[in-house]
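Chain by chain, the residues:
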Amino acid sequence: MKVIETGFDGLYELEPKVFGDQRGYFFESYRRELYQELGIQEDFVQDNESFSVKGTLRGLHYQQTPHAQAKLVRVVKGKVLDIALDIRKDSPTFGKHHTVLLEAERHNMFLVPAGFAHGFVALEDSVFFYKCSNYYNKESEGGILWNDPALNIDWGIENPIVSEKDQVLPTFASYKENPAF
């Protein structure tokens with residue numbers, strides 16, 4: 001497993017070893033002991049999968065403590081631009097974001113620790129899979145407006161398909177007034 005540093009504490013892009021031949025390919029997408037050897041101590045308890053048509057934007061979402069979640073995300077089919085926004089008020093990278101292009105063909109993954117708001121845009125019809133370190137809790141969900149000009153996030157797309165809920169999330173300035181982390 002190749003670990004790619006992002007400059008954000010706990011935020012990593014991961015590239016597994018893929019074994020392929022004329023029959024196809026094989027790789028371990030998750031092996032607890034290997035992750036622990038890499039210093040990743042998350043205990044994943046829930047798997048989720050979503051399908052998004054090209055142009056769909058989901059995010060920026062997070063779960064508040066005590067239901068905060070780390071996520072290990074990857075694309076099973078297609079390609080997405082994945083965004084993690086640091087919302088940990090005491091972090092040196094607070095308010096900054098990191099972008100990773102997740103591609104099914106590369107099998108790369110993105111480890112997003114608790115304390116980050118997360119979102120993605122489907123650049124192709126895509127199946128998105130992720131492991132979570134805590135169970136989803138509706139009362140603990142939060143979000144930040146995906147197109148807040150203060151964040152200056154380049155989603156790489158014009159006129160995305162965005163849910164009504166995501167169109168009215170609070171701005172980052174509102175989040176800073178009462179941070180969850």
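Residues numbered from 1 in each chain as written. Predicted model: local features only at pLDDT ≥ 70, side-chain atom pairs only at ≥ 80, totals over all residues. Heavy atoms only, no water.

*Asks:* What is the right way to look at the nonpolar core in this model?
*Replies:* Across soluble globular proteins, nonpolar side chains have a tendency to be buried as a group. L60, L85, I87, I144 and W155 are the most contacted members of the largest nonpolar core, which totals 20 residues. Elements supplying a minimum of two residues to this core: strand 6 (56–63), strand 8 (79–86), strand 11 (116–122) and helix 3 (172–177). In this structure, V75, V80, V100 and C132 belong to the second largest nonpolar core, which totals 17 residues. (Core = buried A, V, L, I, M, F, W, Y, C linked by side-chain atoms within 4.5 Å. Buried < 20%, exposed > 50% of the residue type's maximum accessible area, 1.4 Å probe, protein only. Helix = DSSP H or I, 4+ residues; strand = E, 2+ residues; numbered from the N terminus.)

*Asks:* Help me out: how do you make sense of the sheet that holds strand 10 (residues 109–112) in this one?
*Replies:* Pairing between sheet strands relies on hydrogen bonds along the backbone, with the strands arranged either parallel or antiparallel. Spatial strand order, 1-2-10-7-12-5: 6 strands in an open sheet with antiparallel pairing. One side of each edge strand has no neighbouring strand; the edge strands of this open sheet are strand 1 (2–5) and strand 5 (46–52). When the angles between neighbouring strand axes are averaged without regard to direction, this sheet yields 25 degrees. Of the pairings in the sheet, the one linking strand 7 (residues 71–77) to strand 10 comprises 4 bridges and is antiparallel in character. Directly across from L72, in strand 10, lies its bridge partner L111. (Pairing = 2+ DSSP bridges. Axes fitted to C-alpha atoms, helices over the stretch in contact; angles between N-to-C directions.)

*Asks:* It is not clear to me how a nonpolar patch on the surface should be interpreted in this structure. Could you clarify?
*Replies:* Among the surface-exposed residues, F51, V53 and I161 lie close enough to one another that they form a single nonpolar patch of about 260 Å² accessible area. Tracing the backbone shows I161 in strand 14 (residues 161–162). A relative accessible area of 46% means that I161 is categorised as partly exposed. (Patch = residues over 30% accessible without salt bridge, like charges linked within 9 Å, V, L, I, M, F, W, Y side chains within 5 Å. Areas by Shrake-Rupley, 256 points an atom, 1.4 Å probe, with all protein chains shown as cover. Salt bridge = Lys/Arg side-chain N within 4 Å of Asp/Glu carboxyl O.)

*Asks:* Sorry, what's going on with the packing of aromatic side chains here?
*Replies:* In this description, an aromatic ring pair is defined by two values, namely the gap between the centres and the angle between the planes. This structure, assessed with the given rule, holds 11 aromatic pairs. Seen from their ring centres, F94 and F172 are 5.3 Å apart, and the 45 degrees between their planes marks the pair as tilted. Placement of the pair is F94 in the loop between strand 8 and strand 9 (97–103) and F172 in helix 3, with a sequence separation of 78 residues. F94 sits in the partly exposed class, given a relative accessible area of 23%. Ring geometry for F172 and Y175: centres 6.0 Å apart, planes at 15 degrees, overall stacked. Of this pair, F172 and Y175 are both found in helix 3, 3 residues apart, which corresponds to roughly one turn of the helix. Here the two residues F172 and Y175 agree in accessibility, since each one is buried. Ring-pair connections join several aromatic residues into one group, and the members of that group are Y62, F94, F172, Y175 and F181. In this arrangement the basic side chain of K131 is found over the ring face of Y30, its NZ or CZ atom lying 5.2 Å from the centre. (Phe/Tyr/Trp six-rings, centres within 6.5 Å; stacked < 30°, edge-to-face > 60°. Lys NZ or Arg CZ within 6 Å of the ring centre and 35° of its normal.)

*Asks:* Mind showing me how you'd approach the pattern of salt bridges here?
*Replies:* Within this structure, the stated rule accounts for 13 salt bridges. Between K131 and D47 there is a salt bridge whose closest N-O contact spans 3.0 Å. Taken together, the residues span a long stretch of sequence, with K131 in strand 12 (residues 126–132) and D47 in strand 5 at a distance of 84 residues. Classification of K131 by relative accessible area gives buried; the value is 14%. Since its relative accessible area comes to 43%, D47 is described here as partly exposed. Residues K79 and E124 are paired through a salt bridge, measuring 3.9 Å at the closest nitrogen-oxygen approach. Taken together, the residues span a long stretch of sequence, with K79 in strand 8 and E124 in the loop between strand 11 and strand 12 at a distance of 45 residues. Look at K79 and you get partly exposed, because its relative accessible area is 24%. Among the ionic contacts, a cluster of salt bridges with common partners joins E13, E15, K79, E103, R106 and E124.

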